[in-house]
Amino acid sequence: MVSWNVARCSVRFLLVVCAVAGAAGASEPDADLWDPSFFVNGPGQGVSAVAVDSRGDILVGGYFDTVDDLLVNNIARWDGTRWHAMRDGLPGSVNAVVVDDVGNVFVGGSFEDAGGHRDADNIAMWNGTSWSAIGGTGSGLPGPVFALGFDAAGDLVAGGSFL
C-alpha cells in the first residue's frame, strides 16, 4: 500500500508533467496538492520517468539538459524545495527509474558509459553519490531499456529492445 505522502508527491508531479506538456483539457489541480514552485522550476521538456525515493524526494528522468538553470543531463532529484543534479547525469535519454528498498536508484534508457563506466550501457545504478554498472562484467544491456521493476524476490527486471 502506498502511503499518502508518496501518493501526494506523485500526483503533484504528474499534474506538473501535464502542464509542462501542454495537455489539452487538463483540469484545475486541487489546491491542497499543488506546489507552484515545483512547476516553475521543473524540467521544461522530455520527462518520461518518475520515481519517489525513501526520503520522499522525486526523481525525474527523460531527455532534458537543465532544470531551473542547473545542468542535470537527463535525470534530476527534487527535494521539495529545489532541484539537484545527480553528479554529471547520464549521456542519453532516461526511460525508466526505480528505487530499491535500501535507496539505490536504477535507471534504464538509451545511453552509454553512465558515470564513465564502460559497463553501464542503457542501465545503471545511482548509490546516492555516484553512478555504477549493474552486475559483473559486460557492457550493460545491448539495447535501450523502456521499463524497470522488481520481481517478488526483489530482483531487478528490465524490459526493452535487446535484439
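In the block above lies the structure referred to throughout.
I will try to describe carefully the structure that is included in this document. As the structure is a prediction and not an experimental result, all values here were calculated from the model. All residue numbers refer to positions counted from 1 along the written sequence of the respective chain. Predicted model: local features are reported for residues with pLDDT of at least 70 only, side-chain atom pairs are reported and counted for 80 or more only, and whole-chain, interface and lining totals are derived from all residues. Note that the side-chain values use all heavy atoms of the structure and ignore hydrogens as well as water.

1. A word on the packing of aromatic side chains
For step 1, the next point in the chain: In this scheme Phe, Tyr and Trp rings, the latter by its six-membered ring, pair at centre separations within 6.5 Å, and the angle between planes marks the pair as stacked below 30 degrees, edge-to-face above 60, and tilted otherwise. Under the definition given, this model contains 3 aromatic pairs.
For step 2, the next point in the chain: Geometrically, the ring pair formed by Trp126 and Trp131 is tilted, given 5.1 Å between the ring centres and 55 degrees between the ring planes.
For step 3, the next point in the chain: Only protein chains enter the accessibility calculation, which uses a 1.4 Å probe; a residue is then buried when its area is under 20% of its type maximum, exposed when over 50%, and partly exposed in between. Given the relative accessible area of 4%, Trp131 is considered buried.

2. What to know about the pairing of strand β9 (residues 123-126)
For step 1, the next point in the chain: The side-chain alternation of β9 yields two buried faces, one formed by Ile123 and Met125 and the other by Ala124 and Trp126.
For step 2, the next point in the chain: Two strands are said to pair when DSSP picks up at least two bridges between them. Numbering of helices and strands starts at the N terminus; helices are DSSP runs of H or I of at least 4 residues and strands are runs of E of at least 2. Where strand β8 (residues 105-110) and β9 come together, 4 bridges link them in antiparallel fashion. Counterpart to Val105 in the pairing with β9 is Trp126.
For step 3, the next point in the chain: One ladder, built from 2 bridges, connects β9 with strand β10 (residues 131-132); its direction is antiparallel. Directly across from Trp126, in β10, lies its bridge partner Trp131.
For step 4, the next point in the chain: If you look at the hairpin formed by β9 and β10, you'll find 4 residues sitting between the two strands, and Gly128 has a positive phi there, around 105 degrees.

3. Focus on the environment of Leu141
For step 1, the next point in the chain: Relative to the assigned elements, Leu141 resides in the loop between β10 and β11 (145-150).
For step 2, the next point in the chain: Residue classification places Leu141 among the partly exposed positions, given a relative accessible area of 22%.
For step 3, the next point in the chain: Residues Leu141 and Phe162 lie 21 residues apart in sequence; the distance between their C-alpha atoms is 7.1 Å.
For step 4, the next point in the chain: Whether two residues touch is decided by their heavy atoms; if any such pair falls within 4.5 Å, the residues are in contact. When residues no more than four places from it in sequence are discounted, the contact partners of Leu141 are Asp121, Asn122, Ile123, Ala158 and Phe162.

4. Quick look at the nonpolar core
Generally speaking, soluble globular proteins have nonpolar side chains that are buried together.
For step 1, the next point in the chain: Throughout, nonpolar core names a set of buried Ala, Val, Leu, Ile, Met, Phe, Trp, Tyr and Cys residues whose side chains join them through atoms within 4.5 Å. In terms of nonpolar packing, the biggest core is built from 17 residues, with Ile75, Leu90, Val97, Val105, Val107 and Trp131 touching the most fellow members.
For step 2, the next point in the chain: Of all elements in the fold, only β1 (47-52), β7 (93-99), β8 and β9 reach the threshold of two or more residues within this core.
For step 3, the next point in the chain: Element by element, the count of residues in this core is highest for β7, at 3 residues.
For step 4, the next point in the chain: The residues touching Val105, leaving out its near neighbours within four places in the chain, are Leu59, Met86, Val97, Val98, Val99, Ala124, Met125 and Trp126.

5. Quick notes on the side chain of Ser93
For step 1, the next point in the chain: As for its position among the elements, Ser93 is in strand β7.
For step 2, the next point in the chain: Judged by relative accessible area, which is 19%, Ser93 ranks as buried.
For step 3, the next point in the chain: Excluding its chain neighbours within four sequence positions, the residues that come into contact with Ser93 are Gly62, Tyr63, Asn74, Gly109, Ser110 and Phe111.

6. Remarks on the layout of surface pockets
For step 1, the next point in the chain: Cavity and pocket criteria rest on a 1 Å grid covering protein atoms alone: a 1.4 Å probe that fits but cannot get out defines a cavity, protein on both sides within 12 Å along at least 5 of 7 lines defines an open pocket, and an atom within 4 Å of a point defines a lining residue. Grid points are joined across faces, edges and corners, and a volume is the space filled by probe spheres set on the points. By volume, the largest pocket amounts to about 220 Å³.
For step 2, the next point in the chain: In terms of lining residues, the largest pocket is bounded by 14 residues, among which Asp53, Arg55, Arg77, Trp126 and Gly128 are the most central.

7. Regarding the sheet that holds β1
For step 1, the next point in the chain: Read from one edge of the open sheet, 4 strands run β1-β2-β5-β6, paired in antiparallel fashion. Each edge of the open sheet is held by one strand with a lone partner, namely β1 and β6 (83-85). Pairwise comparison of adjacent strand axes, ignoring direction, gives a mean angle of 25 degrees for this sheet.
For step 2, the next point in the chain: Where β1 lies against strand β2 (residues 58-62), 5 bridges are found, and the strand directions are antiparallel. For Val50, the partnering residue across the bridge sits in β2 and is Val60. Between N-to-C directions, angles cover 0 to 180 degrees, with each direction set by a line fitted to C-alpha atoms, over the stretch in contact for helices.

8. A look at the pairing of β2
For step 1, the next point in the chain: The buried fraction of β2 amounts to 5 of the 5 residues, a majority that puts the element mostly inside the structure.
For step 2, the next point in the chain: The two faces of β2 match: Ile58, Val60 and Gly62 on one face and Leu59 and Gly61 on the other face are all buried.
For step 3, the next point in the chain: Counted along the chain from β1 to the antiparallel partner β2, the turn is 5 residues long, and its residue Gly56 has a positive phi close to 90 degrees.
For step 4, the next point in the chain: Pairing between β2 and strand β5 (residues 75-78): 4 bridges, direction antiparallel. Each residue of the ladder has a partner; that of Gly61, found in β5, is Ile75.

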